[in-house]
Every structure is written in structure tokens, then in C-alpha cells.
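Observations on chain architecture
Next come the chains, spelled out residue by residue.
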Amino acid sequence: VRHLEGGATVARFSLATNETYTDKSGKKVTQTEWHNIVVWRGLAEIAEKYVKSGKLLYVEGRIRNSSYEDKEGNKRYTTEILCDNFRFLGPSTGQGEKPNNYNESHGTDVGAAESDAEIPQPDDDLPF
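Residues numbered from 1 in each chain as written. Predicted model: local features only at pLDDT ≥ 70, side-chain atom pairs only at ≥ 80, totals over all residues. Heavy atoms only, no water.

Attention now goes to the nonpolar core. Judged by nonpolar contacts, the single largest core of 15 residues is most densely connected at Phe 13, Ile 37, Val 39, Val 51, Leu 57 and Phe 86. Put simply, the parts of the chain that give this core at least two residues each are strand E2 (9-22), strand E3 (28-40), helix H1 (41-50) and strand E5 (75-89). (Core = buried A, V, L, I, M, F, W, Y, C linked by side-chain atoms within 4.5 Å. Buried < 20%, exposed > 50% of the residue type's maximum accessible area, 1.4 Å probe, protein only. Helix = DSSP H or I, 4+ residues; strand = E, 2+ residues; numbered from the N terminus.)

Estimates place the volume of the largest pocket at around 480 Å³. Elements with a minimum of two residues in the lining of the largest pocket: E2, E3, strand E4 (56-69) and E5. Counting residues per element, the lining of the largest pocket draws most heavily on E2, at 6 residues. For the lining of the largest pocket, the per-class residue count stands at 12 nonpolar, 6 polar and 2 charged. (1 Å grid on protein atoms, 1.4 Å probe; cavity = no way out; pocket = protein on both sides within 12 Å on 5 of 7 lines; lining within 4 Å. Points joined across faces, edges and corners; volume = space filled by probe spheres on them. Nonpolar A, V, L, I, M, F, W, Y, C, P; charged D, E, K, R; others polar.)

Further remarks concern the pattern of salt bridges. If you walk through the whole model with that rule in mind, you get 4 salt bridges. Between Asp 84 and Arg 62 there is a salt bridge; the shortest N-O distance is 2.6 Å. In this pair, Asp 84 is assigned in strand E5 and Arg 62 in strand E4, connecting sequence segments 22 residues apart. Looking at Asp 84, the relative accessible area reads 39%, which means it is partly exposed. A relative accessible area of 47% means that Arg 62 is categorised as partly exposed. Between Arg 76 and Asp 70 there is a salt bridge whose closest N-O contact spans 3.0 Å. The exposure class assigned to Arg 76 is partly exposed, which follows from its relative accessible area of 40%. On the accessibility criterion, Asp 70 (16% relative accessible area) is buried. (Salt bridge = Lys/Arg side-chain N within 4 Å of Asp/Glu carboxyl O.)

Averaged over all residues, the pLDDT of the protein chain is 79; the fraction at 70 or higher stands at 71%. Taken element by element, the predicted model of the protein chain shows its lowest mean pLDDT in strand E6 (residues 108-109) (47) and its highest in E3 (95). Below pLDDT 50 for its whole length, residues 95-109 participates in 32 contacts with residues either more than four positions away or in separate chains. Across residues 112-122 the pLDDT falls below 50, and counting only partners more than four positions away or on other chains, this stretch makes 11 contacts in the model. (pLDDT = per-residue confidence, 0-100. Contact = heavy atoms within 4.5 Å.)

This brings us to the environment of Glu 48. Its location among the elements puts Glu 48 in helix H1. Distance in space between the C-alpha atoms of Glu 48 and Arg 2 is 9.7 Å, their sequence separation being 46 residues.

A separate point is the pairing of E4. Bridge analysis of E4 against E5 gives 14 bridges, and the strand direction is antiparallel. By the bridge assignment for E5, Ser 67 is matched with Tyr 77. Hairpin connection from E4 to E5: 5 residues lie between these consecutive antiparallel strands, with Gly 73 at a positive phi of about 85°. (Pairing = 2+ DSSP bridges.)

For the rest of this paragraph, the subject is the pairing of E3. The sheet contact formed by E2 and E3 spans 13 bridges and is antiparallel. Bridge pairing in E3 places Thr 17 opposite Glu 33. Hairpin geometry of E2 and E3 is characterised by an intervening segment of 5 residues between the two adjacent antiparallel strands and by a positive phi of about 90° at Gly 26. Looking at chain direction, E3 and E5 are connected through 3 bridges and run parallel. Bridge pairing in E5 links Ile 37 to Ile 81.

So, in C-alpha cells, the structure goes:
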């Protein structure tokens, strides 16, 4: 988390998503993808206080691709998710870790205008 001169706050963190499937031989395989998340202003302050390793999050945002040159002059590429809002999922692990507006049954929607918005759930009866 950084606090910039103009008073804005920015938080950056990595978020893992897992996909588990059964391969042709019947063995379960889990693939993990890592995503770079960037959160600004009030959401960054909430992330600073409550986002911890192992917490389940639902994140919404825009994808931003950019490039830069490293110290050796090589062109590098990055992909980030500019987070518009996020929601804490799952049960709380203890006192003092919940935002004030935490709702046990629905999680906490800390960035969306409508706090009762439901998270889309995948169909369980997909053929794969």
C-alpha cells in the first residue's frame, strides 16, 4: 500500500485463482493462475486493513495491459486488474477482521453501489 502526495492511496496485491479438473487418466489436476490487482482510494484503505493471505475475495474490474523496459533494455509486459470493487467471501476467521458492514450470509460488497448484488454462480451440471 502506498499513500501518494495528492492524498490518494493505492494498494497492489496478487490474487490466485484455481481451476481443478480431472484429466483423461482420471487424475485430478489443479492449475493456479496469479493475477495482479490494483485498488485505489477508499477501497485501497479497506484492502490494507482486511485483505490477508488466504482470504477469499470476489474481484471486479478492468484489465490493463502495459509494457516497460527493464534495466537491461528488455521489453517487459504486465497485466493488471484495476479493481472497481471487491467482496469478501466465506466465513470470518475471528474478531477484529470484519469490516463494519460485513454480512455473514452475503459477504461484504465494499465497492459496488448496490450492496445486495448477487455473485453469479456457475452451473454445477456442466459436462466437463
